[in-house]
Amino acid sequence: MSTLGATYTVTIHDVDDYIADGFTHIRFFRSATEAGTYTQVAQIALASGQETYEYNDAPAQPTDWWTWALYGSGTGETARAEPQPVAVRRVTRKELRRAVGFRLGLLEVASVSSGTTTTATCNALVDPDRSPHEVAGGWVLLPSGETRRIRVGTTGYNTSTGTITWQPAATAPSSGQEIEIWSGIIKGDIISAVHRAMNVARHSIWWPEMTTIEVTAMGAEYPLPYNAVNGRVLGVEILQWEDVWAPFKQFETTRRGQQTWIRFQGAMTGQIFRVTYNSLPDAMDGENDSWDVPLEIATAEVAKALLMSMIVPTSHKELIADIAVSVKAIEDEAKMLRASLMPEISIPIVGPR
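Before going into details, it helps to say that this report is about the structure given with it. (Residues numbered from 1 in each chain as written. Predicted model: local features only at pLDDT ≥ 70, side-chain atom pairs only at ≥ 80, totals over all residues. Heavy atoms only, no water.)

Moving on, we come to helix 4 (residues 190–201). The end-to-end C-alpha separation of helix 4 is 16 Å, in line with the 16 Å expected for 12 residues at 1.5 Å each. In this structure, the buried side of helix 4 is in contact with helix 2 (93–103), strand 12 (139–141), strand 13 (147–150), strand 16 (178–182), strand 24 (290–291) and helix 5 (295–310). Its side-chain oxygen 2.9 Å from the backbone nitrogen of Ile191, Asp189 forms the N-cap of helix 4. (Helix = DSSP H or I, 4+ residues; strand = E, 2+ residues; numbered from the N terminus. Expected span 1.5 Å × (residues − 1). Contact = heavy atoms within 4.5 Å. Polar contact = N/O pair within 3.5 Å; in protein donor to acceptor, adjacent residues only side chain to side chain.)

Glancing now at the sheet that holds strand 18 (residues 221–223). Within a sheet, adjacent strands bond to each other through the backbone by hydrogen bonds, running parallel or antiparallel. Taken in spatial order, the three strands make up an open sheet running 18-22-21, and their pairing is antiparallel. Two strands bound the open sheet, and with one partner strand each, they are strand 18 and strand 21 (251–256). The average undirected angle you get between the axes of adjacent strands in this sheet is 30°. Here strand 18 runs beside strand 22 (residues 259–264); their pairing, made up of three bridges, is antiparallel. (Pairing = 2+ DSSP bridges. Axes fitted to C-alpha atoms, helices over the stretch in contact; angles between N-to-C directions.)

Turning our eyes to something else, we now look at the side chain of Glu252. Within the fold, Glu252 resides in strand 21. What makes Glu252 buried here is its relative accessible area of 9%. One polar contact links Glu252 to Arg263, side chain to side chain, over a distance of 2.5 Å. At a separation of 3.4 Å, a polar atom in the side chain of Glu252 contacts the side chain of Gln265. (Buried < 20%, exposed > 50% of the residue type's maximum accessible area, 1.4 Å probe, protein only.)

This paragraph deals with the packing of helix 2 against helix 5. Two numbers describe how helix 2 lies on helix 5: the axes approach to 9 Å, and their chain directions differ by 65°. Our pair here, helix 2 against helix 5, has a crossing hand that is right-handed. For the pair helix 2 and helix 5, the contacting residues are Glu95, Leu96, Ala99, Val100 and Arg103 in the first and Leu295, Ala298, Thr299, Val302, Ala303 and Leu306 in the second. (Left-handed = near helix turned anticlockwise from the far one by under 90°.)

Moving on, we come to the pattern of salt bridges. Note on pairing: side chains with opposite charge can pair once their charged atoms come close. This structure, assessed with the given rule, holds 16 salt bridges. Here Arg93 and Glu287 are joined by a salt bridge, their closest N and O atoms 2.8 Å apart. Within this pair, whereas Arg93 is found in helix 2, its partner Glu287 is found in the loop between strand 23 (272–279) and strand 24, the two being separated by 194 residues in sequence. Residue classification places Arg93 among the buried residues on the basis of a relative accessible area of 11%. Its relative accessible area of 36% is what places Glu287 among the partly exposed residues. The network of salt bridges with common partners includes Arg93, Arg97, Arg98, Glu178, Glu180 and Glu287. (Salt bridge = Lys/Arg side-chain N within 4 Å of Asp/Glu carboxyl O.)

Let's shift gears to unusual backbone geometry. Along the chain, Gln167 connects to Pro168 via a cis peptide bond; the corresponding omega equals -10°. Assignment of secondary structure puts Pro168 in the loop between strand 15 (163–167) and strand 16. Even without being glycine, Asp14 reaches a positive phi, approximately 55°. Note that Asp14 resides in the loop between strand 1 (7–11) and helix 1 (15–20).

Of all hydrophobic cores here, the largest spans 30 residues; its most connected members are Leu96, Trp182, Ile190, Met198, Trp291, Val302 and Leu306. Aside from chain neighbours lying at most four places away, what touches Leu96 is Val91, Met198, Met284, Trp291, Leu295, Ala298, Thr299 and Val302. The next biggest cluster of nonpolar side chains, apart from the first, holds 17 residues, and it includes Phe251, Ile262, Phe264 and Ala267. (Core = buried A, V, L, I, M, F, W, Y, C linked by side-chain atoms within 4.5 Å.)

Our focus in this paragraph is the pairing of strand 15. Buried residues dominate strand 15, accounting for four of its five residues. Alignment of strand 11 (residues 119–121) against strand 15, held across three bridges, turns out to be antiparallel. For Thr119, the partnering residue across the bridge sits in strand 15 and is Thr165. In the sheet, strand 13 pairs with strand 15 via two bridges, with the strands oriented antiparallel.

Moving on, we get to the side chain of Arg98. One can find Arg98 in helix 2. Setting aside its immediate chain neighbours within four residues, Arg98 contacts Leu107, Val109, Glu178 and Glu180.

Moving on: the environment of Ser131. With respect to the helices, strands and loops of the structure, Ser131 is situated in the loop between strand 11 and strand 12. Taking the C-alpha atoms as reference, Ser131 lies 7.6 Å from Thr159; in sequence the two are 28 residues apart. Aside from chain neighbours lying at most four places away, what touches Ser131 is Tyr157 and Thr159.

Moving on, we come to helix 2. Residues separated by three or four positions in an α-helix point in the same direction, a consequence of the helix having 3.6 residues per turn. Every buried residue belonging to helix 2 is among Arg93, Leu96, Arg97, Arg98, Ala99, Val100 and Gly101, and all of these are buried. Following helix 2 by one or two positions, Gly105 has its phi on the positive side, about 70°.

Right under this line is the structure:
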């Protein structure tokens, strides 16, 4: 079978009006970067009454960008649409952690000019007019991955030299490496709290994924990946020949425990099906882990989960009130992002039983 690189889909409402104006084709373009030079990769003729047009761009890479425009020999080419990424960019744990820290004003990142096992001097931290308490008592994440509490007062942060001091000793950072300096607003290691919030928030984030299943026996059930959201299937296609897929509606899903199973009714041994389903991101357990979701929505959801974890009955009442206001603001932001970025969970199409 041929390689499936990317499928571009464009809906042109009132297509007959454009045809009447002299437009005859839709053109697809691809570039290696968003701001780069776009090269035409396909041209498809417009058809009366057909509003949706697709092109399978096999050579496309996940890091590429694409766009489209209408064209007619007499009218020329329209302005091109806003470029879109070929695939959702992977969000690493480090990138997400920093985005959450910046969004909540809990983090600053500084480049080390010199370091020891208990200190780091950063030129960007030199600020004699700054209060040492903005940094002292917080937490530092070192390039080695070790987390340490910054000592309190001027012992922890010297505003004149830009030196922070922590205990106990850790692997010394080298010149040019970056350190993350986090607020000490909560009890305990806030960096670990952010990582925990990621694994709480992932249950409210989902994104389409695809799996291919070959029928091995008539009437058999097949498991979907464990991260499928509550058995929600977006669609099923059957391979007809080469790389031609056709919609297949005669299927049913069953949820048993944490596993979703799917059965293709009337399917014959050897037939191949492509199942698209909403999936949850994997747990963020290490710096090499990542999510295939937009950074904006991941940031909002994790920030909300972190703030919720900070609301505890034993906290100061004013602090609880401040955090509750922040939670409301983040929740409003998350709702907006869900509506604009996140795919809906569709109801499974279930065939006759």
